[in-house]
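One-letter residues, chain by chain:
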Amino acid sequence: MTPDVSVALCVYNGERHLAEQLDSLLAQREVAFEIVAVDDGSSDGSLDILKAYAQRDPRLRVVAGRGNHGHAARVAEAFALCRAPWIAPSDQDDVWDALKLRRLLDKAARDQVDAAYCDSMLCDEAGRPTGRRMSATLGSREGRAPIDLVFQNTVSGHSLVFRRHLLDTALPVPTGVYYDHWLAICAMARAGLAHEPTPLVNFRRHDGAQTCAGRAGRPPEGRRW
């Protein structure tokens, strides 16, 4: 049976927080899902953690990448392995609300869009909420006007779900552009992008994180222009 949504998880040396994230992914309710986890040649215990979880839960598929090819390449690899009509990118160190996927799929269906994303609660490395939301830093644009996102991206991959067929338009991602920014622009150029204002992710911020979005002292992207 084909799941409703595929969670695309890319991992590199994430053993410190990986188990907590996997627990929150596998606890998703009211939705049929699979998790496609691609390891980018981790040198810590990340791959062992993934394999141990996969042995206990068949909804998790693990791909052990040879060598370290970087986040962008592994994201594309994970997307290609996803089987569901919807794809939800995932970081390796966050914690999802148990109804995150259900609420985003419902939002996308109500608004009849190609992609939907939620707000996130910023947390420190220990997972303690800082009291700040992602929307306070980046804003929360939606609709069908791609120009609204050209100079300031408000969409982070960890908060996004999108229709798989959007990849037919979006790939390959242009060099120098983050995949989440590009997918959001492509969604706006097609059926549209919707924003769910409820924070459905505890977004952990620390020096080892893949992205700098939401870090203290970082100005909104639009100000750099």
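You'll find the structure just up there.
Predicted model, so just to flag it, every value in this text is computed and none were measured. (Residues numbered from 1 in each chain as written. Predicted model: local features only at pLDDT ≥ 70, side-chain atom pairs only at ≥ 80, totals over all residues. Heavy atoms only, no water.)

Caption draft 1: Local environment of empty space enclosed by the protein. According to the stated counting rule, one finds two cavities of 30 Å³ or more in the structure shown. Here the largest cavity is characterised by a volume of approximately 60 Å³. Around the largest cavity, the lining is made up of 13 residues, and of these Tyr 117, Cys 118, Asp 119, Met 134 and Thr 154 lie nearest the centre. Listing elements by their share of the lining of the largest cavity, those giving two or more residues are β6 (115–123) and α5 (134–138). Looking at which element gives the most residues to the lining of the largest cavity, the answer is β6, with four residues. Its volume calculated, the second largest cavity comes out at about 40 Å³. As for the second largest cavity, its lining consists of Ala 8, Cys 10, His 71, Val 75, Phe 79, Pro 89, Ser 90, Asp 91 and Tyr 179. Where the lining of the second largest cavity is concerned, the elements lending two or more residues are β1 (5–11), α3 (71–81) and β4 (86–90). (1 Å grid on protein atoms, 1.4 Å probe; cavity = no way out; pocket = protein on both sides within 12 Å on 5 of 7 lines; lining within 4 Å. Points joined across faces, edges and corners; volume = space filled by probe spheres on them. Helix = DSSP H or I, 4+ residues; strand = E, 2+ residues; numbered from the N terminus.)

Caption draft 2: Geometry of the packing of helix α1 (residues 15–26) against helix α2 (residues 46–56). Where α1 contacts α2, the axes come no closer than 9 Å and their chain directions differ by 25°. The pairing of α1 with α2 is recorded here as roughly parallel in orientation. Read as a crossing pair, α1 and α2 show a hand that is right-handed. Seen from α1, the contacting residues are Glu 15, Leu 18, Ala 19, Leu 22, Asp 23 and Leu 26; seen from α2, they are Ser 46, Ile 49, Leu 50 and Tyr 53. (Axes fitted to C-alpha atoms, helices over the stretch in contact; angles between N-to-C directions. Parallel < 35°, antiparallel > 145°, perpendicular 65-115°, else oblique. Left-handed = near helix turned anticlockwise from the far one by under 90°. Contact = heavy atoms within 4.5 Å.)

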